[in-house]
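# Commentary on secondary and tertiary structure
Residue-level listing of the chains:
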Amino acid sequence: MFRTLVALAAALALVACADPGVPAPKDVPPDAPFVSQDRLTFSPKELQVQVGERIYFYNGETAVHNLVFDKSARSPDMEAGDIFVWSFSTPGEHVVTCDYHPQMRLRVTVLP
């Protein structure tokens, strides 16, 4: 029981310290998985979704980005304010990067 409480407290502390990123624009449905591209990084850096669940990617800065899914599929270039919607059809660990900014990396865990 004590370990569970300690783990819960640690998780809450991490959430409280996390960078909230850019708020979701009004075009993104409430409670939808949302990833912002801001300060040359993805926020959040990890995401968990169900197979087929739509993820909303938003370019919240002036730099041009794109999305590369598992080193193969690519989105069009995203200008400031653009939204791109993607869903994974297979469960497992997937990686999303940006061709223009290789330091950008998002890990998506897709559940069946």
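Read on for an overview of the structure. This is a predicted model, so every value here is computed, not measured.

### Overview of the nonpolar core
Most often, soluble globular proteins keep nonpolar side chains buried together rather than apart. Counting residues in hydrophobic clusters, the biggest one holds 17 residues, and the most contacted among them are I55, F57, L67, V96, L106 and V108. Of all the elements in the fold, those that place two or more residues in this core are β3 (46-50), β4 (55-59) and β9 (105-111). No other element matches β9, which puts three residues into this core. For V108, the residues in contact, after removing those within four places along its chain, are L47, V49, I55, F88, G92, E93, H94 and V96.

### Comments concerning unusual backbone geometry
Note the cis peptide between S43 and P44, where omega equals 5°. If you trace the backbone, P44 turns up in the loop between β2 (41-43) and β3. Even without being a glycine, L40 presents a positive backbone phi close to 55°. By relative accessible area, L40 is classed as partly exposed at 32%. Although it is not a glycine, K71 adopts a positive phi angle of roughly 60°. Position of K71 among the secondary structure elements: in the loop between β5 (68-69) and β6 (73-74).

### Overview of the environment of R39
When you line up the elements, R39 lands in the loop between β1 (34-38) and β2. Through-space distance from the C-alpha of R39 to that of T62 is 9.4 Å; in sequence the pair is 23 residues apart. Only 3.2 Å separates the side chain of R39 from the side chain of D38, close enough to count as a polar contact.

### So, the pattern of salt bridges
For the structure shown, the criterion picks out four salt bridges. A salt bridge links D38 to R39; the nearest nitrogen and oxygen atoms lie 3.2 Å apart. The class of D38 is buried, set by a relative accessible area of 16%. Residue classification places R39 among the exposed residues on the basis of a relative accessible area of 58%. Between E93 and R107 there is a salt bridge, with the nearest N and O atoms lying 3.5 Å from each other. Of this pair, E93 sits in strand β8 (residues 92-97) while R107 is found in strand β9, placing the two residues 14 residues apart along the sequence. When salt bridges with common partners are traced through the structure, they connect E46, E93 and R107 into a single cluster.

Cut-offs used in this document
- Residues numbered from 1 in each chain as written.
- Predicted model: local features only at pLDDT ≥ 70, side-chain atom pairs only at ≥ 80, totals over all residues.
- Heavy atoms only, no water.
- Core = buried A, V, L, I, M, F, W, Y, C linked by side-chain atoms within 4.5 Å.
- Buried < 20%, exposed > 50% of the residue type's maximum accessible area, 1.4 Å probe, protein only.
- Helix = DSSP H or I, 4+ residues; strand = E, 2+ residues; numbered from the N terminus.
- Contact = heavy atoms within 4.5 Å.
- Polar contact = N/O pair within 3.5 Å; in protein donor to acceptor, adjacent residues only side chain to side chain.
- Salt bridge = Lys/Arg side-chain N within 4 Å of Asp/Glu carboxyl O.

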